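# Architecture at a glance
So the chains spell out like this:
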Amino acid sequence: MRILFHAVDANPAPWLADLQAALPQAQLRVWEAGDDAPADYAVVWKPPAEMLRDRVGLKGVFNLGAGVDAILQLGDALPAGVPIVRLDDAGMGVQMAEYVTWAVLRYFRRFDQFDAQQKSGQWRFAKPHDKRSFSIGILGLGVLGQRIAAALSPFGFPLLGWSRTPKDLPGVACHAGSAGLDAFLAASRVVVCVLPLTGETTGILNRDTLSKLPHGSYLINVARGMHLVEADLTALLQSGQIAGATLDVFRQEPLPAGHPFWQEPRITITPHIAAVTLRGDSVRQIAAKIGRMEAGHDVPGLVDRTRGY
Ligand code: NAP
Ligand code: GLV
């Protein structure tokens, strides 16, 4: 079995060593420009089109992330009919749970306010928000959205969720489709975006949708920067409609020097670290999925190219 590897910004050596240990029968190689020799599988993150275009004989492409927006952008350069498999959880669920729990509790208990007070040497008491109205709405109830809901559940916040297809999750008021979006927004004091980036979800966090939240709401975006219309958020923070935002992802990454978000005290910025790809978990998952594919079984995390995730 021949496996091609290419991951931008990653040192390939430890990946190849771990993949080799997990799949001793495999012949592994790092893809380099001009390499069109046969391969059975490709393990990739943000591959260039030339790596995959016109490639025959591939049995599967493994995306080293949960989001597939970058690879699907290759469009017709992706070999037709070859399964694209994303990471499902692979250690990201717990990281997302940690990140979102931190951000929610920070707003709920007003730690953001106490941080600001400390900077100006102020000792001022403030009660937490009223928990009954501090409802958390999760946009995207897939692998990561459901893990976030499970992590928040013990705190007793009212929980809501929104997905493309209807869901029935205990303790979560589930809404679905465009028909369910307004009711979801009207009842969410904190919105957590963990949607895939698709044609339908690009720009979904905009002046119109964010204005439907209760006044003084919070936004946590851990999905993709293109979900948010950044100028709209700035305006809504200035009007008080949005009280604060925690953003892990941006339209341009790294966030450029001089971007207005750097100077906005109500925005908390992290550098796309909400849930990082963990090599050990990812290699174990990919090796197990290759084993299943070789045995003719289905694998979880198969991407639907038409749906976009
Ligand atoms: P997933 O399991 O595929 O879940 C996606 C969820 O979004 C599903 O519930 C899906 O609805 C819903 N959805 C998709 N399109 C929709 C639409 N048009 N309207 C309403 N709901 C829609 O994906 P995941 O593993 O949870 O990952 C989600 C995203 O997180 C990734 O795509 C990636 O962009 C992002 N991410 C970010 C980081 C980071 O570090 N910041 C790390 C990992 C992942 P259905 O359930 O009905 O299909
Ligand atoms: C990271 O952003 C991922 O999609 O895995």
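Residues numbered from 1 in each chain as written. Chains lettered and ligands numbered in written order. Predicted model: local features only at pLDDT ≥ 70, side-chain atom pairs only at ≥ 80, totals over all residues. Heavy atoms only, no water.

## Looking at the site of ligand 2
Let me state the cut-off plainly: Proximity is defined per residue: if any heavy atom of the residue lies within 4 Å of a molecule or strand, that residue is considered near it. Pairs of N or O atoms within 3.5 Å make up the polar contacts considered here, provided that, within protein, one atom can donate a hydrogen while the other can accept it, and that residues adjacent in sequence are counted only when both atoms are side-chain atoms. Exposure was quantified through the Shrake-Rupley algorithm and a 1.4 Å probe, taking into account, for residues, occlusion by the shown protein chains and nothing else. All residues other than Ala, Val, Leu, Ile, Met, Phe, Trp, Tyr, Cys, Pro, Asp, Glu, Lys and Arg, Gly among them, are scored as polar; the first ten of these are nonpolar and the last four charged.
Lining the immediate surroundings of ligand 2 are G65, A66, G67, M92, R224 and H272. In the environment of ligand 2, an oxygen atom lies 2.7 Å from a nitrogen or oxygen atom belonging to the backbone of G67. For ligand 2, an oxygen atom lies 2.7 Å from a polar atom in the side chain of H272. Relative to its free-state accessible area of 190 Å², ligand 2 is covered by the protein chains to the extent of 87%. Counted by class, the shell around ligand 2 contains 2 nonpolar, 3 polar and 1 charged residues.

## A look at the sheet that holds strand β9 (residues 190–193)
The strands making up a sheet are joined through hydrogen bonds of the backbone, oriented either antiparallel or parallel. Under the convention used in this document: Paired strands, as defined in this entry, are two strands with at least two bridges between them according to DSSP. Each helix corresponds to a stretch of at least 4 residues labelled H or I by DSSP, and each strand to a stretch of at least 2 residues labelled E; elements are numbered beginning at the N terminus. Whenever a helix is involved, its axis is fitted only over the stretch in contact; in every case the axis is a line through C-alpha atoms, and angles between N-to-C directions fall within 0 to 180 degrees.
The parallel open sheet is built from 7 strands, whose spatial order is β8-β7-β6-β9-β10-β11-β12. Strands with a single pairing partner mark the edges of an open sheet, and in this sheet they are β8 (173–176) and β12 (267–269). For this sheet, the mean inter-axis angle between neighbouring strands, taken without regard to orientation, is 15°. The sheet contact formed by strand β6 (residues 136–139) and strand β7 (residues 159–163) spans 4 bridges and is parallel.

## Some thoughts on the domain arrangement of the chain
The following threshold applies: Domain limits in this description derive from either an automatic procedure or a database domain assignment. Throughout, a contact is declared for two residues whenever any of their heavy atoms are within 4.5 Å. Two parts placed together each lose some accessible area under a 1.4 Å probe, and the buried area is that loss summed for both. What makes a salt bridge here is a side-chain nitrogen of Lys or Arg within 4 Å of a carboxyl oxygen of Asp or Glu, nothing more.
Domain annotation of the chain identifies domain 1 (2–90 + 277–294) and domain 2 (92–269). Centre-to-centre, using C-alpha coordinates, domain 1 lies 32 Å away from domain 2. The partner domain 2 presents 7 residues to the 12 residues of domain 1 that form the contact. Overall, the association of domain 1 and domain 2 removes approximately 740 Å² of surface from exposure, summing both partners, and the carbon and sulfur fraction of that is 55%. By the criterion of area lost to domain 2, the three top residues of domain 1 are A66, D69 and D89, representing 60% of everything that side buries. At the junction of domain 1 with domain 2, the criterion picks out 1 salt bridge. With its nearest N and O atoms 3.0 Å apart, the salt bridge here joins R224 to D69.

## Comments concerning unusual backbone geometry
For clarity, the cut-off: Summary of the burial criterion: residues with accessible area below 20% of their type's maximum are buried, those above 50% are exposed, and those between are partly exposed, where the area comes from a 1.4 Å probe applied to protein chains only.
For the bond from E253 to P254, the omega torsion is -5°, close enough to zero to count as cis. The backbone phi angle of R110 is positive, close to 65°, even though this residue is not glycine. Mapped onto the elements, R110 comes out in the loop between α4 (92–108) and α5 (111–119). If you check the backbone angles, H272 has positive phi at about 55° while not being a glycine. Inspection of the secondary structure puts H272 in the loop between β12 and α10 (279–294). According to the relative accessible area criterion, H272 is partly exposed, its value standing at 33%.

## Focus: the site of ligand 1
Taken together, 29 residues are adjacent to ligand 1, and R86, T165, K167, E200 and Y309 come closest. A distance of 2.8 Å separates a nitrogen atom of ligand 1 from a polar side-chain atom of E200. The contact in question runs from a nitrogen atom of ligand 1 to an N or O atom on the backbone of V222, over 3.0 Å. When the free accessible area of ligand 1 is taken as 940 Å², the share hidden by the protein chains comes to 94%. Every element with two or more residues in the shell around ligand 1 is listed here: α4, α6 (143–152) and β7. Residue composition of the shell around ligand 1, grouped by class: 16 nonpolar, 7 polar and 6 charged. No fewer than three residues from each of domain 1 (2–90 + 277–294) and domain 2 (92–269) sit in the shell around ligand 1.

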